[in-house]
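Summary of the model geometry
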Amino acid sequence: MCIFCEIIEGNIPSKKVYEDDKFLAILDISQTTKGHTLVMPKKHYDNFLAMPTDEFQELMGKAKEISEKIIPSLGANGCNVLINTNAVAGQSVMHTHVHIIPRYDENDTIRFLFQENKYDLDEVLRSMEL
Ligand code: 5GP
Ligand code: ZN
């Protein structure tokens with residue numbers, strides 16, 4: 001059983017932010033910022049691509065509802081909502097989860113670097129085969 005399934009089962013303690021029959025939200029142990037929260041489905045999926053679309057939509061709806069409540073109550077001014085998918089993207093727990101990272105100050109140390117484009121956009125579009 002994965003570590004988040006163990007938490008969902010109550011075998012490993014966690015600080016619960018929200019729980020219903022399908023979803024659990026807990027404080028991330030790392031607290032990247034105050035209130036850093038993880039929202040997860042109780043059913044194990046390795047990543048969001050493995051989830052049925054309706055369940056993923058429900059998960060994101062839940063992440064929005066939780067964000068709407070915790071951002072103002074924490075006194076935060078915004079948030080980053082993030083899903084790491086597979087090890088290459090930094091996923092370390094293979095039970096899909098949405099990070100809600102409250103943001104308080106534009107001068108904090110968290111940065112997502114979107115670097116200068118080095119690709120031909122038309123070639124990129126052709127590669128995407130949508
Ligand atoms: P990922 O890197 O997979 O996107 O995120 C996994 C997150 O889970 C990390 O931010 C890490 O701090 C958090 N985490 C790992 N183990 C535990 C744990 O046992 N309890 C809690 N609350 N968070 C955990
Ligand atoms: Zn799991």
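Residues numbered from 1 in each chain as written. Chains lettered and ligands numbered in written order. Predicted model: local features only at pLDDT ≥ 70, side-chain atom pairs only at ≥ 80, totals over all residues. Heavy atoms only, no water.

At 2.1 to 2.3 Å from the zinc ion (ligand 2) lie its protein donor atoms, namely Cys2 (SG), Cys5 (SG), His44 (ND1) and His95 (ND1). For the zinc ion (ligand 2), the four donor atoms in the first shell make angles of 101 to 120° at the metal, so the coordination geometry reads as tetrahedral. Along the chain, the residues donating to the zinc ion (ligand 2) fall in the pattern C-x2-C-x38-H-x50-H. With respect to class, Cys2 is no different from Cys5; both count as buried. (Donors = N, O, S within 2.8 Å, 3.2 Å for Na, K, Ca; no water. Tetrahedral: all angles 85-135°; square planar, octahedral: opposite > 155°, others 65-115°. Buried < 20%, exposed > 50% of the residue type's maximum accessible area, 1.4 Å probe, protein only.)

A word on the nonpolar core. In this structure, Val39, Leu59, Ala63, Ile66, Ile70, Val98 and Ile100 are the most contacted members of the largest nonpolar core, which totals 13 residues. Elements with a contribution of two residues or more to this core: strand S2 (23-27), helix H2 (53-74) and strand S5 (98-103). If you tally residues by element for this core, the top one is H2, at five residues. If we skip the residues at most four places from it in the chain, Val39 touches Leu24, Ala25, Leu59, Lys62, Ala63, Ile66, His97, Val98 and Ile100. Listed in part, the ten residues of the second largest apolar core include Phe4, Ile7, Leu38 and Val93. (Core = buried A, V, L, I, M, F, W, Y, C linked by side-chain atoms within 4.5 Å. Helix = DSSP H or I, 4+ residues; strand = E, 2+ residues; numbered from the N terminus. Contact = heavy atoms within 4.5 Å.)

What follows deals with H2. Between the first and last C-alpha of H2 there are 31 Å, a value that for 22 residues agrees with the 32 Å anticipated at 1.5 Å per step. Residues of H2 that are buried sit in contact with strand S1 (16-19), S2, strand S3 (37-41), strand S4 (78-82) and S5. Just past H2, the residue Gly75 takes up positive phi, approximately 75°. (Expected span 1.5 Å × (residues − 1).)

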